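# Understanding the architecture of this molecule
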Amino acid sequence: MKATTWLLGACASLVLLSGCGGSKSDTAAVVPSVTKVTTDQVVYRKVTNFTITGQNLDKGYNASIPACLTITELAGGTATQRVLSCKLVNVGSTTYSITAANGTTLYSGLVNLTLPAQPQVTMTTSLGTIVLELNPAKAPITVDNFLNYVESGFYVNKIFHRVIKSAIVQGGGFTADLQQPTTLAAIKLETPNGLSNLRGTIAMARTSDANSATAQFYLNAADNTGFDGLTAGTGYAVFGKIVTGLDIMDKINVVPTTTAGGMSDVPVTPVLINSMVQTQ
């Protein structure tokens, strides 16, 4: 997972002068320099500011920070100092770099993001409780997306709307009357990521569009390795596993189903998600 952004001062670079309505010049383009980069905090799923100090930063530079989601440059930047803001989601040690428009590396450093324990989410359903352990090191975007829904309370009073015996238990996207609430923006598919659709794992459901997953997830009630993505843009992204409650998943997996709301494999009696809370 890589966050990269280009930051260019409007009509500031001599290389771009003619494109901004000026005339061509034989004067060499001014290349920025970076003397240091500092951060105010390095905390999982928190916004951190990267303060870049140097010269001629208004002439344009590229920031690549793989630990981040979207990078935003804060207002008020000068030729000697710029501040980039981003949410850190990639666990582990990653290298970031600041480069000039011509590709020259101006500065590089490390972001070391560690966790005392893997995030866990406790899901209480009408048939029992399941505890999920998430894996942000393997699926940072997917885990962050799932936790966003958990924190907002989105999953409360949703159902498992698709149950295929000895295969999957899918839910998180519909209410008991089969209404589909508005979701957050779709996320990028994180496959292959080293995780497989084995029994007891949790993965994101999606449409035929690889990058279309939003809120719906499924639990693997069997080894479904055929769902794995062997190349980028294929398969379904696993992002965690059940640590408590496999028996509850199995109980859900054998409920009677019917066709309803234009969908097949819908439980005759709704299986509700009563709560979803991060407990570790």
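Our structure is the block above this text.
Residues numbered from 1 in each chain as written. Predicted model: local features only at pLDDT ≥ 70, side-chain atom pairs only at ≥ 80, totals over all residues. Heavy atoms only, no water.

## Remarks on the sheet that holds strand β5 (residues 72–73)
Where strands meet in a sheet, backbone hydrogen bonds hold them as pairs that are either parallel or antiparallel. Quick note on the threshold: Two strands make a pair as long as DSSP finds a minimum of two bridges between them. Per the convention used, a helix needs a DSSP run of H or I reaching at least four residues, while a strand needs a run of E reaching at least two, with both numbered from the N terminus.
Pairing is antiparallel in the open sheet, where 4 strands are placed in the order β2-β3-β6-β5. Two strands in the sheet have a free side with no partner beyond their single neighbour: β2 (33–39) and β5.

## Brief notes about the state of the cysteines
Stated precisely, the cut-off is as follows: Only a pair of cysteine sulfur atoms within 2.5 Å qualifies as a disulfide here. Throughout, exposure labels follow a simple rule: accessible area from a 1.4 Å probe, protein chains only, divided by the maximum for the residue type, with under 20% read as buried, over 50% as exposed, and the rest as partly exposed.
Within the structure shown, the criterion is met by 1 disulfide. Covalently, C68 is tied to C86 through a disulfide, its sulfur atoms 2.0 Å apart. Within this pair, whereas C68 is found in the loop between β4 (61–64) and β5, its partner C86 is found in strand β6 (residues 81–87), the two being separated by 18 residues in sequence. The exposure class of C86 is buried, given its relative accessible area of 3%.

## Here we look at helix α2 (residues 246–253)
Quick reminder of the rule: Of all possible arcs, the one meant is that of the directions from the helix axis to the C-beta atoms. Any two residues whose heavy atoms approach within 4.5 Å at even a single point are treated as in contact.
Among the residues making up α2, those that are buried are I248, M249, I252 and N253. Seen from one end, α2 has its buried residues packed into an arc of 140°, which puts them on one side. Next to the buried residues of α2 lie β9 (120–125), β10 (128–134), β11 (158–164), β12 (168–171), β14 (217–220) and β15 (238–244).

## Considering the sheet that holds strand β18 (residues 272–278)
Using the following cut-off: Between N-to-C directions, angles cover 0 to 180 degrees, with each direction set by a line fitted to C-alpha atoms, over the stretch in contact for helices.
Sheet architecture is closed into a barrel: 8 strands sit in the order β9-β10-β15-β13-β14-β12-β11-β18, paired in antiparallel fashion. Pairs of neighbouring strands in the sheet enclose a mean axial angle of 35°, with direction left out of account. Strand direction decides the pairing type here: strand β13 (residues 201–204) and β14, joined by 3 bridges, are antiparallel. Within β14, the residue paired with I202 across the bridge is L219. In this fold helix α1 (residues 140–152) packs onto β9, β10, β13, β14, β15 and β18, with an angle of close to 110° to the strand it touches most, β18.

## Regarding the environment of V268
Relative to the elements of secondary structure, V268 occurs in the loop between β17 (263–267) and β18. Taking the relative accessible area as the measure of exposure, V268 reaches 51% and is therefore exposed. For V268, the residues in contact, after removing those within four places along its chain, are P256, T257 and T258.

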